[in-house]
Amino acid sequence: MSQQKPFIDIRHAKKSFGTLEVLKDISLQVERGQIVAIIGPSGSGKSTLLRAINDLDPLTGGEIWLEDKQINKSLPHRQYEKHINEVRQEIGMVFQHFNLFPHLRVRENVTLAPKMLKGLSDAEANALAEEQLTKVGMIERIDYYPSQLSGGQKQRVAIARALAMKPKVMLFDEATSALDPELVEEVNLVMKRLAEEHMTMIIVTHEMGFAESVCDRVLFMDQGVVVEEGPPEVIFRNPKNERTQNFLRKHLAGHKA
Amino acid sequence: MGLDFSVIPKYLDIVLLGALWTIAITVCAAVVSFFGGILLAVIALFAPALVRWPFRVFSFLFLGTPLLLQLFLIYFGLVQIGVDVPAFVAGVVGLGLHFVVYNSDLFQTSILAVDKGQIEAARTLGLSRWQALRKVVVPQAVRDVIPPIGNNMIALLKDSALVSVIGVSELTLSAQRAIGSTYRPFEFYVLVAAIYYIINLVMEAVLRRVERRIQASK
Ligand SMILES: Nc1ncnc2c1ncn2[C@@H]1O[C@H](COP(=O)(O)OP(=O)(O)OP(=O)(O)O)[C@@H](O)[C@H]1O
Ligand SMILES: [Mg+2]
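Once a new chain begins, its residue numbering starts again from 1 and follows that chain's sequence as written. Lettering of chains starts at A and numbering of ligands starts at 1, both following the order in which they are written. In keeping with the model being predicted, local features are shown solely for residues with a pLDDT of at least 70 and side-chain atom pairs are shown and tallied solely at 80 or more, while totals for entire chains, interfaces and linings include all residues. As a convention, hydrogens and water are excluded, and side-chain values are obtained from all of the structure's heavy atoms.

Structural notes on the overall build of chain B
Stage number 1. Only DSSP runs of H or I covering at least 4 residues are called helices, and only runs of E covering at least 2 are called strands; the numbering of each starts at the N terminus. Secondary structure summary: chain B contains 9 helices and 0 strands in total.
Stage number 2. Its C-alpha atoms put chain B at 75 × 45 × 20 Å along the principal axes.
Stage number 3. Looking at chain B as a whole, 46% of its 218 residues are labelled buried.
Stage number 4. Sequence separation of at least 24 residues holds for 80% of the intrachain contacts in chain B that already meet a minimum separation of 6.
Stage number 5. By element, 70% of the accessible surface of chain B is carried by carbon and sulfur atoms, the whole surface being about 11,200 Å². A simple rule labels every residue: compare its accessible area, found with a 1.4 Å probe on the protein chains alone, to the largest value its type can have, and call it buried under 20%, exposed over 50%, or partly exposed in between. By definition, residues are in contact when any of their heavy atoms lie within 4.5 Å. Surface accessibility in these figures is a Shrake-Rupley result with a 1.4 Å probe; residues are shielded only by whichever protein chains are displayed.

Let's talk about the overall build of chain A
Stage number 1. Helix and strand counts for chain A stand at 9 helices and 10 strands.
Stage number 2. In this treatment the radius of gyration is a C-alpha quantity, and the globule benchmark scales as 2.2 Å times the residue count to the 0.38 power. For chain A, the C-alpha radius of gyration of 18 Å lies close to 18 Å, the compact-globule estimate for 257 residues.
Stage number 3. Taken along its principal axes, the extent of the C-alpha atoms in chain A is 55 × 50 × 40 Å.
Stage number 4. Looking at chain A as a whole, 56% of its 257 residues qualify as buried.
Stage number 5. As displayed, chain A offers around 11,700 Å² of accessible surface, 49% of which is attributable to carbon and sulfur atoms.
Stage number 6. As used throughout, the charge tally considers Lys and Arg to be positive and Asp and Glu to be negative, leaving His and the chain termini uncounted. Charge placement uses NZ in Lys and CZ in Arg. For Asp and Glu, CG and CD serve respectively. Across chain A, the centroid of the 33 positively charged side chains sits 2 Å from that of the 35 negatively charged ones.

Some words on the pairing of strand S9 (residues 217-222) of chain A
All names here are of chain A.
Stage number 1. A large share of S9 lies buried, amounting to 6 of its 6 residues.
Stage number 2. What you see with S9 is no split at all: Arg-217, Leu-219 and Met-221 on one side and Val-218, Phe-220 and Asp-222 on the other are buried throughout.
Stage number 3. For two strands to pair, DSSP has to find at least two bridges joining them. Pairing between strand S3 (residues 35-39) and S9: 4 bridges, direction parallel. Looking at S9, one finds that Ile-39 is bridged to Phe-220.

Details of the sheet that holds strand S2 (residues 20-30) of chain A
Residue and element names in this part refer to chain A.
Stage number 1. An order of S2-S1-S4-S5 is seen for the 4 strands of this open sheet, with the pairing classed as antiparallel. Each of the sheet's edge strands pairs with one partner strand only, and the pair in question is S2 and strand S5 (69-70).
Stage number 2. Where strand S1 (residues 8-17) and S2 come together, 7 bridges link them in antiparallel fashion. Pairing of Ile-10 across the sheet is with Leu-28, part of S2.

Describing the interface of chain A and chain B
Stage number 1. With 25 residues of chain A at the contact, the number on the chain B side is 23 residues.
Stage number 2. In this description, buried area is defined as the sum, over both parts, of the accessible area (probe of 1.4 Å) that is lost when the two are combined. Taking both partners together, chain A and chain B bury about 2,000 Å²; carbon and sulfur atoms supply 60% of that area.
Stage number 3. Three residues stand out in chain A for area buried against chain B, namely Phe-101, His-103 and Met-116 of chain A, and they jointly supply 27% of the buried area on that side.
Stage number 4. By convention in these notes, a salt bridge is any Lys or Arg side-chain nitrogen within 4 Å of a carboxyl oxygen on Asp or Glu. Counting across the interface, chain A meets chain B through 2 salt bridges.
Stage number 5. Close ionic contact of Glu-81 of chain A with Arg-123 of chain B constitutes a salt bridge, the shortest N to O distance being 3.0 Å.
Stage number 6. Here a polar contact is recorded for every N or O atom pair within 3.5 Å, except that within protein the pair must consist of a potential hydrogen donor and a potential acceptor, and residues adjacent in sequence are included only if both atoms are side-chain atoms. For the interface between chain A and chain B, the tally reads 7 residue pairs in polar contact (both at pLDDT 80 or more).
Stage number 7. Contributing elements (two or more residues each) for the side of chain A that touches chain B: helix H2 (77-89), strand S6 (91-94), helix H3 (106-118) and helix H5 (151-163) of chain A.
Stage number 8. The element that contributes the greatest number of residues to the side of chain A that touches chain B is H2 of chain A, accounting for 5 residues.

Let's talk about the site of ligand 1
Residues and elements named next belong to chain A.
Stage number 1. Contacts to ligand 1 come from 13 residues, most closely from Ser-42, Gly-43, Lys-46, Ser-47 and Thr-48.
Stage number 2. Starting from 640 Å² of accessible surface for ligand 1 in isolation, the protein chains cover 60%.
Stage number 3. Secondary-structure elements contributing two or more residues to the shell around ligand 1 are S2 and helix H1 (46-53).
Stage number 4. By residue number, the principal contributor to the shell around ligand 1 is H1, which donates 3 residues.
Stage number 5. Amino acids outside the nonpolar list (Ala, Val, Leu, Ile, Met, Phe, Trp, Tyr, Cys, Pro) and the charged list (Asp, Glu, Lys, Arg) are all regarded as polar, and Gly is one of them. Class assignment for the residues of the shell around ligand 1 results in 4 nonpolar, 7 polar and 2 charged. Throughout this document, a residue counts as near a molecule or strand when at least one of its heavy atoms sits within 4 Å of that molecule or strand.

Structure, rendered in structure tokens:
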């Protein structure tokens, strides 16, 4: 056991929506620079866990820590809002449906938050937008509106938007599952590049091949618990738990069909 | 007595001056009703109950009583309690507030219709609820509701004739004055109708331009 605190530390996370228990005592530690994939059947609580990390779906029990800061600490309402807005700046999130701001051009999508929250000047914000959009290969579309982009392009802009806040962690919730198959690769490439830069990432995905190629660790979740976790070659090639085996078998069959 | 449009040129300056007042009052009241409508919508949806309720009562009063009465109340009623409002201001306030309520209803619906993912995306970047509302939700809600708001503004133009009753020399009142001197109601009312119609056309043209601009960002 290492003495050092994990980068992200989720301890006994519990979440219920009314009487529905969606997360049942989940613990997860992620080291700096680590890339963790979360897989599992629909409704198993993957999104809920991811959304709990930046408090979009606040936990009903347990703790989440980012470095030495507890994300979901209990504070009076106002102080909590201030605290969580600061925490969220350090956590980038990418959604299945992109959620780009349709009324803003690509450039403003990227510069909005840095300008508002970090007080960047127009020139600084523009330089930042150009840097991030170059990174995701979207610099030529900087003056387009989101409606003028393909799904893959939208998602790359959404990634640039999140990166512009210089987050410590990136969360991806099925970033490619709303995309036409031929557009998946361009988004995966961007994520791979982030992996090469040692960005800490938690990736919820249905793409086992991608998970296997970029992740350090894979978690298999089912019905609100982590059933099995380990390095990708073990989880994908040689899973021990029967539920994992069944899931992977069904999933692969589904893909071939 | 037959029709005689030759009386018009002599009074044309009075009537056109009235048209300018009508445009001025319409534009001012439109601005009040637009921004006031957004503000009222945000209050109605998000303010704490203690703040919300007085505004709800206000909305109810303005929707449930005739505009004419509201204008009388603001212009003649307030003087009585020591607030002397110039007729033009009273007209702008009365018309503006009346349409604030109509616009607020539209804005509320469109704010609620903005995809929840938009707020989530803004909040995950670190924006506060208020920042997300101001920079992400409200601009989209406004954009989506421009056509019906535009229709309200055209209704506002027509209702601006009512401020003649508190003595603002707008288009309708100046026509009445011209008629008072010439006894030519038909000629002047036709003229005034034509002018209203032209202003209306201009407003519709502006509205269509705005809509086209917005379309690009949809
Ligand atoms: N806001 C909510 N209110 C009530 N129930 C919810 C809410 N969000 C999620 N749930 C429920 O929680 C369970 C887990 O949902 P979650 O979205 O985390 O699953 P998931 O593993 O991400 O599934 P998928 O692969 O389909 O995205 C589901 O049963 C879902 O219906
Ligand atoms: Mg999900």
